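Coordinates in review
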Amino acid sequence: MKKKLLRQILNEWHTNVWLALEFLVVSVVLWYICDYYYASLRTYCAPLGFEYDHCYDLTMYEITDKSPDFRPEYANDSARAEARHEILRRLKQMPEIEAAAYSQNSRPFNGSNSGITLGYDSINGNALRRFATPDFPVIYRYRGVNGETPQQLRQQMEEGKMLISDNFFNQYSREPLPSTSDIIASGKKIFYTDYKVNGEHPDVNTGAVVVPARYSDFQLWSSFALQDVCRDGFHGPEAMAWYYNELTVRVRPEHDRDFSGKLMSMAQDYLHVGNYLLTNVSSIDDIRRNFQRAETTTIRNYSVGMGFLMINIFLGLLGTFWFRTQQRVNEIAIRRVNGATRLGIFRRLIGEGLLLLALVTPAAIIIDFLLLHYDIATYFDEPHSSALRIIICAGAAFALMALMVMAGIWFPARRAMRIEPAEALSIDN
Amino acid sequence: MKQIWYELKSQPVISAVTIIGTALAMFLIMVVVMLHQVEVINLAPETQRDRTLYLGRAVIYPAGSDSYWGCSDMSTSMAVELTDCLTDAEIASIYSLSPDEMLVNAEGSPTFTADVKEADDGFFRIMDFNFMAGKPFTRADVDSRLRKAVITSSVARQAFSADEKSSVGRTLMINDVPYQVTGVVADVSPVTDIAYAQVWIPVDLTPPAPDGWSEYGMGSVRALILPKPGRAEAVKREVNRRLAAVNTRLTADSVRLDIAGAPYGHEYQKTDTYPEHLPDVGKERRSRWMLFGILLLIPAINLSSMTRSRLARRVSEIGVRRAFGCTRMRIVGDILAENMVITLIGGIIGLLLCIGFGALLFDAIYSVGSWTFYNMPATLSAGALFDWTIGAYALLFCFVLNLISTGIPAIRAARVNPVEAINKKK
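Residues numbered from 1 in each chain as written. Chains lettered and ligands numbered in written order. Predicted model: local features only at pLDDT ≥ 70, side-chain atom pairs only at ≥ 80, totals over all residues. Heavy atoms only, no water.

1. What about the overall build of chain B?
If you tally the helices and strands in chain B, you get 15 helices and 14 strands. A compact globule built from 426 residues should have a C-alpha radius of gyration of about 22 Å, whereas chain B, at 29 Å, is more than 25% larger. Dimensions of chain B, computed from C-alpha atoms along their principal axes, come out at roughly 95 × 60 × 35 Å. For chain B, with 426 residues in total, the buried portion stands at 54%. The contacts in chain B between residues at least 6 apart in sequence include a share of 76% that link residues at least 24 apart. Total accessible area on chain B is roughly 18,700 Å²; 58% of this is exposed by carbon and sulfur atoms. In chain B, 42 side chains carry a positive charge and 43 a negative one; their mean positions are 16 Å apart. (Helix = DSSP H or I, 4+ residues; strand = E, 2+ residues; numbered from the N terminus. Rg over C-alpha atoms; globule rule 2.2 N^0.38 Å. Buried < 20%, exposed > 50% of the residue type's maximum accessible area, 1.4 Å probe, protein only. Contact = heavy atoms within 4.5 Å. Areas by Shrake-Rupley, 256 points an atom, 1.4 Å probe, with all protein chains shown as cover. Lys, Arg positive; Asp, Glu negative; His and termini not counted. Charge placed at Lys NZ, Arg CZ, Asp CG, Glu CD.)

Following this line, the structure appears as structure tokens:
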């Protein structure tokens, strides 16, 4: 039967060549979309390394000398630093709040970053610099690779220690390098390359090695070093006023109801310290949704595109096979006379579409492979070109196509089944 | 026309599939066109997008290095230095790109948050805001650092519970600082994100204190330049001459300032809002046309099989016409023209669907910048979509769709041998 079908496809090559071209283009586009989903899903499902539920970002505005409420005695650096400490104290006194911290370009889902370069032996590594006050690991539930709890990490930050992620040196290094915990275990010293004291790079006061914490749901970038800038030995207490540009809190789950409204109602008095004024409270989850809008929009647009192409395949096959069954009335009638069952006719038509799809698929897979190979289809940091990735995504694209082939041919094939040989052959041709 | 109507009626399934297919294809293509066009056509209040030049990214490199040390918007003093009194510019303006969410209230009314943008007087001359009452703040207001504000009518209603006229002259507290309202404008959609805010206050042009950042040109403002007609290139040259002078000065600090290829036109600004280099507009265009190609080719292949099936029934008619001396070109032309009518019907349905969709659900499909919250939804009036470029795109795509889907079947049909065609019984 396959051979006969092939012969028939060849005989009608004029129509089939267009259909095959359509299958090819749509197969490749569907594969591309499936591959995008696969890559984003793989990245999305990888461990995030932190938690952000019940976390809020507080925007503090510093009143300027234009305001009648401006208090010049709070305008110097030490008073500004002290006011910030006072805000932290007041926040932590609230029964709703479990932890509160200032940070600089460190909270999750944040478009601004700072970098830090650290070294060991003759190797230098560069990653995200997260400056924050000690509660930071408690807010985002950072963990040490040896099971250190967020509270233990807070303790270490209070002692001025730097928490370095386990992949600090090797996440993006070209050559394989040991993990941070291996480097420390082998007794090697990690040093700052950005500072020099007495002509030497000073050693880092390392604390626990921590689990990498990713940049966002759609990025695998997760190497960082976390330290309180006021306790790093290079900056004075005024650094509190200079560096920190974020204030985030973790709310106890049982109190996480209309928290932002409650906090905002205290903006004018309880949280108005020195020249600082609370102007906005947003949940990290809202910030996350906003930050990742580009990715979620792409996924949505791709889904619409995919739906559109599938409807097109459906309509195209519906039209083509409707026309074909119209043309093949005689042929089908003769088959019926010669003993073909209705189901046989139905299966034969569907088989024709599926066989055409199967013929095109190897060519589509070659194009898919080339797109991957030449880096046209790379998104996120997902390592690519694995055979499994192609098989899974090409398989998904094939399944979707096959579904549409069957749906599109279903109606014409049902019509063909109903052809009564006697009537069909009696038509005056 | 009668013939086309007859044709459509005689094969209802194929006709319906053809029109639905065309409408669907045109709808999707036009949504893609619309999403792109609203970013580039002149859209009130950004009615001079096609003439405006943009700059404002400051990228600092250590001298002799090609990996940058820092990247941000510009400091006010650098923006002034590069854009003030340009010989070939009509207007230049300094403004902050992303509005800040600030607390706003009038005396005795509850506090709410609003998106506040800093701008100078030139901003209101480049942007075509619909002033419902009052007027923008002036150069003198900006220079003297007077606390004046322009607000939208929805802010006026919320703060003062009053109409636009009676809001002018009243005091609005913005982050605890009193501002006097000088004008009230109609609400602005974040789709025009350069213009967008709910409150505009004068930008502070006083040079900031040196902090190891702003003296190299880094800060938080951007600039718009409206060149005199035909003088855009001269403006670019002058800005770059001024940049070279800045860099001569900065050699003392062993740094070099780069402005990411600016000043550039609107499409560059839209391609990358936060560029470190000149945005790659060509790549963006190529991928857009590739998308159009796929969105056109697939439906065209489908539609061509419908066309063939319709033409198959008319073989004898074509034979007769050929026998009476009609040329093949003429037959191909006629078939194309006939099908163009069907394509246009589908195209108009698709375009109307797209406009309706845009007017009702624009906020759901449009994504305004990634890192910013906007207090207002991204709305778009249907009127804004009746732009000639959108109509021109629709017509172009209808024409291409028709040509691909009908051209080849028409040529094949015209090749028919008249004797054989007429001899066929059916």
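2. Things to note about the domain arrangement of chain B
Residue and element names in this part refer to chain B. As assigned here, chain B comprises domain 1 (2-44 + 281-423) and domain 2 (97-202). The gap between the C-alpha centroids of domain 1 and domain 2 is 45 Å. With 15 residues of domain 1 in contact, the opposing surface of domain 2 contributes 16 residues. Looking at the side of domain 1 facing domain 2, the largest losses of area belong to Tyr374, Asn375 and Met376, adding up to 54% of the total buried there. Viewed at the interface, domain 2 and domain 1 are joined by zero salt bridges. Inspection of the domain 1/domain 2 interface yields one residue pair in polar contact (both at pLDDT 80 or more). Across the side of domain 1 that touches domain 2, the residue classes tally to twelve nonpolar, three polar and no charged. (Domains from an automatic or database assignment. Buried area = accessible area lost by both parts, 1.4 Å probe. Salt bridge = Lys/Arg side-chain N within 4 Å of Asp/Glu carboxyl O. Polar contact = N/O pair within 3.5 Å; in protein donor to acceptor, adjacent residues only side chain to side chain. Nonpolar A, V, L, I, M, F, W, Y, C, P; charged D, E, K, R; others polar.)

3. Considering the nonpolar core
Membership of the largest hydrophobic core comes to 83 residues, with the highest contact counts inside it found for Phe23, Leu317 and Ile409 of chain A together with Met30, Val38 and Val191 of chain B. Setting aside chain neighbours within four positions, we find Ile409 of chain A in contact with Leu317, Phe321, Leu349, Ile350 and Gly353 of chain A. Ranked by size, the runner-up nonpolar core spans 52 residues in total, among them Ala58, Tyr95, Trp200 and Val221 of chain B. (Core = buried A, V, L, I, M, F, W, Y, C linked by side-chain atoms within 4.5 Å.)

4. Describing the packing of aromatic side chains
Residues and elements named next belong to chain A. For the structure shown, the criterion picks out 39 aromatic pairs over all chains. Taken together, a centroid distance of 6.4 Å and an interplanar angle of 20° make the contact between Tyr102 and Tyr244 stacked. With Tyr102 in strand 2 (residues 97-104) and Tyr244 in the loop between helix 7 (239-243) and strand 9 (246-251), the pair connects residues that are 142 residues apart, well separated along the chain. With respect to burial, Tyr102 and Tyr244 carry one shared label: buried. Its end group placed over the ring of Trp242, Arg80 keeps NZ or CZ at 5.8 Å from the ring centre. (Phe/Tyr/Trp six-rings, centres within 6.5 Å; stacked < 30°, edge-to-face > 60°. Lys NZ or Arg CZ within 6 Å of the ring centre and 35° of its normal.)

5. Considerations on the sheet that holds strand 12 (residues 218-219) of chain B
Residues and elements named next belong to chain B. One open sheet holds the four strands; their spatial order is 12-3-2-14, and the pairing between them is antiparallel. The open sheet has two edge strands, strand 12 and strand 14 (255-258), and neither has a second partner. Note that strand 2 (residues 57-62) and strand 14 share four bridges and pair antiparallel. Looking at strand 14, one finds that Tyr61 is bridged to Arg256. (Pairing = 2+ DSSP bridges.)

6. Looking at the domain arrangement of chain A
All names here are of chain A. Annotation of chain A at the domain level lists domain 1 (2-46 + 292-426) and domain 2 (71-274). Once you take the C-alpha centre of each, domain 1 and domain 2 turn out to be 53 Å apart. On the side of domain 2, nine residues touch domain 1, which itself brings ten residues to the contact. Interface area for domain 1 against domain 2, summed over the two sides, is near 890 Å², with a carbon-plus-sulfur share of 61%. Our count for the contact surface shared by domain 1 and domain 2 stands at three residue pairs in polar contact (both at pLDDT 80 or more). Of all the secondary-structure elements, those providing two or more residues to the side of domain 1 that touches domain 2 are helix 2 (13-45) and helix 10 (293-327). Considering each element in turn, the side of domain 1 that touches domain 2 owes the most residues, three residues, to helix 2.

7. Quick word on unusual backbone geometry
The linkage connecting Ala44 of chain B with the following residue, Pro45 of chain B, adopts the cis geometry, with an omega of 0°. Inspection of the secondary structure puts Pro45 of chain B in the loop between helix 2 (12-40) and strand 1 (53-55). The omega angle of the peptide bond from Ala262 of chain B to Pro263 of chain B is 0°, so this bond is cis rather than trans. Of note, Pro263 of chain B is situated in the loop between strand 14 and helix 9 (266-271). With a phi close to 60°, His54 of chain A is a non-glycine residue in the positive phi region. Inspection of the secondary structure assignment puts His54 of chain A in the loop between helix 2 and strand 1 (55-62). For His54 of chain A, a relative accessible area of 25% translates into the label partly exposed. One non-glycine residue with positive phi stands out, namely Asn198 of chain A, at about 55°. Topologically, Asn198 of chain A is positioned in the loop between strand 6 (191-192) and strand 7 (206-210). The exposure class assigned to Asn198 of chain A is exposed, which follows from its relative accessible area of 76%.

8. Regarding a nonpolar patch on the surface
Together, Ile366, Phe369, Leu370 and Tyr374 of chain A give the surface a local cluster of nonpolar side chains, amounting to about 440 Å² of exposed area. Its place among the elements puts Tyr374 of chain A in the loop between helix 12 (342-373) and helix 13 (387-417). (Patch = residues over 30% accessible without salt bridge, like charges linked within 9 Å, V, L, I, M, F, W, Y side chains within 5 Å.)

9. Structural notes on the environment of Glu73 of chain A
Residues and elements named next belong to chain A. Structurally, Glu73 can be placed in the loop between strand 1 and helix 3 (77-93). Accessibility expressed as a relative area gives 48% for Glu73, which makes it partly exposed. Spatially, the C-alpha atom of Glu73 lies 77 Å from that of Val405, the residues being 332 residues apart in sequence.

10. Considerations on the pairing of strand 10 (residues 177-185) of chain B
Residues and elements named next belong to chain B. Among the nine residues in strand 10, seven count as buried, and that is most of the element. Across three bridges, the pairing between strand 7 (residues 131-134) and strand 10 is antiparallel. Looking at strand 10, one finds that Gly134 is bridged to Gly183. Pairing between strand 8 (residues 148-152) and strand 10: five bridges, direction parallel. Counterpart to Ile151 in the pairing with strand 10 is Val184. Connecting the antiparallel pair strand 9 (residues 171-174) and strand 10 is a turn made up of two residues, with Asn175 showing a positive phi of about 45°.

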